[in-house]
Amino acid sequence: MTLQIVAGTANRALAGAVAAALYTEPASPAVERFPDGELRPVVNGVRGSDVYLVQPTGPPVNEHVMELLLLLDACRRAGAGRVTAVIPYFGYARQDRRGRAGEAIGIRVIADALASAGAQRLIVVDPHTVALEAVCAIPVEMLTAVPALAGAVGARVPGGAVVVAPDLGAVKLAKHYAALLSRPVAVVGKTRLTGRSVVAEELIGDVDGRPAVVVDDMISTGGTIEAAVEILLGHGAASEIAVVATHGLFVDAAVERLSRSSIRSLLVTDSVAQSVAPMLPLDVCSVAPLLADAIGRLHRDEPLDDLLVRT
């Protein structure tokens, strides 16, 4: 089968970079938008091909999810030989359990919808939960951008720095960064009050007089990062605070919130299309080489072990 990269509208620059790394041209389907908000994509030229549809489901999440589902169905109906959904940022991954009676488990709903629409395999990057693989009926390749991000931030981190998990859920991630950077780990204990409000309550580890590297899988509203930076400074950490995350969503008042903090450098990937934010010390590390490597290996039926998330 011929390898074919199909680009959704969520991040065509990333899809183009992936295609370029694979020495091919991406297909960019026309997506008609009706006045009432309906989408109608048209995919051509994929009959018999090994299709990799690149469409992260970042903000606006629901629109990008619906476009992804329709594009998958269009690829299937256009006769694609095999269809893999490449979703660098997988929206709804935070909804992996019920917090109270009557709540939906969003990750399961989206996973089932992707399989029903025609996806035969998923490729994701640093999902919020590894439970995605367990709830999905089709194979899931969970890649990690941590080695690339650690390599990018390592050169700019001064000696004596501490890797900081901004909450208990990021401890395993922080340990991965710490192992790659040969640094100690500190952990912030937090309580989430609402989707926008977070309170940091305690700090485990020694940060007094030391630069800190705060690591997380994603930055959404910036509340978790802001709270972590405040408690680090309150415990005497040096002002050279760096923040690293795979997915930079920067929704709500995130840019304003983070620009007020004492962050000296901020590093994310292009898993979600990044707009210019002059107020932030933002650098972007592309996941295109990682995705291209994984796609090439899958196309050639080669293993991906060294590219996958550590569980």
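What this report covers is the structure whose coordinates are included nearby.

Looking only at helices and strands, one finds nine helices and 14 strands in the protein. At 20 Å, the protein has a C-alpha radius of gyration in line with the 19 Å of a compact globule built from 311 residues. With respect to the three principal axes, the spread of C-alpha positions in the protein is 60 × 40 × 35 Å. Here the protein holds 311 residues, and the buried ones make up 53% of them. Of the roughly 13700 Å² of accessible surface on the protein, a fraction of 51% belongs to carbon and sulfur atoms. Side chains of the protein give 27 positive and 33 negative charges; the mean places of these two sets differ by 2 Å.

A few words on the nonpolar core. Membership of the largest hydrophobic core comes to 47 residues, with the highest contact counts inside it found for V18, Y177, L291 and I295. Among the elements that take part in this core, helix α9 (residues 288-299) stands out by supplying seven residues, more than any other. Setting aside residues no more than four positions away along its own chain, Y177 makes contact with V146, L149, A150, V163, V215 and V244. Membership of the second largest hydrophobic core comes to 33 residues, among which are V46, L68, F90 and I110.

With their axes 8 Å apart at the nearest point, helix α2 (residues 61-77) and helix α3 (residues 106-117) run at an angle of 25 degrees to one another. In terms of orientation, α2 lies roughly parallel with respect to α3. On α3, the residues that touch V65, L68, L69, L72, D73 and R76 of α2 are I110, A113, L114 and A117. A class-by-class count of the residues in the contact of α2 with α3 yields eight nonpolar, no polar and two charged.

Another point: the sheet that holds strand β6 (residues 121-125). Spatially, the five strands line up as an open sheet ordered β1-β4-β5-β6-β7, and their pairing is parallel. Unpaired on one side and paired on the other, β1 (3-7) and β7 (140-143) mark the two borders of the sheet. Averaged over neighbouring strand pairs, the angle between their axes works out to 20 degrees when direction is ignored. As judged from the five bridges shared by β1 and strand β4 (residues 50-54), these two strands associate in the parallel manner. Bridge pairing links L3 to D50 in β4. Strand contacts of α2: β4 and β5 (82-87), with the helix running at about 160 degrees to β5, the strand carrying the most contacts. Sheet strands in contact with α9 are β1, β4, β5, β6 and β7, and its direction is about 155 degrees off that of β6.

As a further point, take unusual backbone geometry. With the exception of glycine, most residues fall at negative phi, and the peptide bonds are largely trans. Backbone torsion omega between P59 and P60 reads -10 degrees, so that peptide bond is classified as cis. Residue placement: P60 occurs in the loop between β4 and α2. In this structure, D301 takes a positive phi of about 60 degrees despite not being glycine. Judged by its relative accessible area of 66%, D301 falls in the exposed class.

For the rest of this paragraph, the subject is the packing of helix α5 (residues 146-154) against helix α6 (residues 171-181). The angle between the axes and the distance between the axes are what describe a pair of packed helices. Two elements in contact, α5 and α6, have axes whose closest approach is 10 Å; the angle formed by their N-to-C orientations is 55 degrees. The angle between the axes of α5 and α6 places the two elements in the oblique class. Every pair of crossing elements has a handedness; the one defined by α5 and α6 is right-handed. Judged by residue contacts, V146, P147, L149, A150, V153 and G154 of α5 engage L173, H176, Y177, L180 and L181 from α6.

With respect to the helices and strands, the residue N11 is situated in the loop between β1 and α1 (12-21). Only 3.1 Å separates the side chain of N11 from the backbone nitrogen of L14, close enough to count as a polar contact. Those residues in contact with N11 that lie beyond four places of it in its chain are P56, D270, S271, V272 and A273.

Tracing the sequence through the fold places S265 in strand β13 (residues 263-269). By relative accessible area, S265 is classed as buried at 15%.

Turning next to the environment of E256. Within the secondary structure, E256 is located in helix α8 (residues 254-260). Separated by 164 residues in sequence, E256 and Y92 place their C-alpha atoms 25 Å apart.

A few words on the state of the cysteines. As enumerated under the stated definition, the model contains zero disulfides in all. Here C136 is not disulfide-linked; the sulfur of C75 is the nearest cysteine sulfur, at 17 Å. A residue is classified by how much of its surface remains accessible, and C136, at 9% relative accessible area, is buried.

Looking now at the pattern of salt bridges. One pass over the structure, following the stated rule, counts 17 salt bridges. Between D112 and R108 there is a salt bridge; the shortest N-O distance is 3.1 Å. With a gap of four residues between them, D112 and R108 both fall in helix α3, about one helical turn apart. The partly exposed category is assigned to R108, whose relative accessible area is 43%. Across the salt bridge formed by R121 and E141, the nearest N and O atoms sit 2.4 Å from each other. Pair noted here: R121 is in strand β6 and E141 is in strand β7, with a separation of 20 residues, a long-range link. Each of E226, E256, R257 and R260 takes part in one network of salt bridges that share partners.

The rules behind these values
- Here the residue numbers are simple positions, counted from 1 along each chain's written sequence.
- Predicted model: local features are reported for residues with pLDDT of at least 70 only, side-chain atom pairs are reported and counted for 80 or more only, and whole-chain, interface and lining totals are derived from all residues.
- Only hydrogens and water are removed before side-chain values are computed, so all heavy atoms of the structure are retained for them.
- Under the scheme used here, helices are H or I runs from DSSP no shorter than 4 residues and strands are E runs no shorter than 2 residues, and both carry numbers assigned from the N terminus.
- Computation of the radius of gyration draws on C-alpha atoms alone. For the globule rule, the value is 2.2 Å times the number of residues to the power 0.38.
- Accessible area is worked out with a 1.4 Å probe on protein chains only. A residue is then buried under 20% of its type maximum, exposed over 50%, and partly exposed in between.
- Under the convention used here, a 1.4 Å probe and the Shrake-Rupley method define accessible areas, while residue burial counts only the protein chains that appear.
- For the charge count, each Lys or Arg is scored as positive and each Asp or Glu as negative, with His and the chain ends excluded.
- Think of each charge as sitting on NZ of Lys, CZ of Arg, CG of Asp or CD of Glu.
- Residue types Ala, Val, Leu, Ile, Met, Phe, Trp, Tyr and Cys, when buried and joined through side-chain atoms within 4.5 Å, form a set referred to as a nonpolar core.
- Residue contacts are counted whenever heavy atoms from the two residues lie within 4.5 Å of one another.
- An axis is simply a line fitted to the C-alpha atoms; with a helix, the fit covers only the stretch in contact. Between two such axes, the angle follows the N-to-C directions and lies from 0 to 180 degrees.
- Between 65 and 115 degrees an angle is taken as roughly perpendicular, under 35 as roughly parallel, over 145 as roughly antiparallel, and anywhere else as oblique.
- Asp, Glu, Lys and Arg are counted as charged, while Ala, Val, Leu, Ile, Met, Phe, Trp, Tyr, Cys and Pro are counted as nonpolar; the rest, among them Gly, fall into the polar class.
- One requirement defines pairing of two strands: DSSP has to find at least two bridges between them.
- Crossings are assigned a handedness: left-handed for a near helix turned anticlockwise from the far helix by less than a right angle, right-handed for a clockwise turn.
- Between N or O atoms, a polar contact is any pair within 3.5 Å; within protein, one atom must be a potential hydrogen donor and the other a potential acceptor, and residues adjacent in sequence are included only when both atoms are from side chains.
- By definition, disulfides here are pairs of cysteine sulfur atoms that lie within 2.5 Å.
- A carboxyl oxygen of Asp or Glu within 4 Å of a side-chain nitrogen of Lys or Arg is what we treat as a salt bridge.

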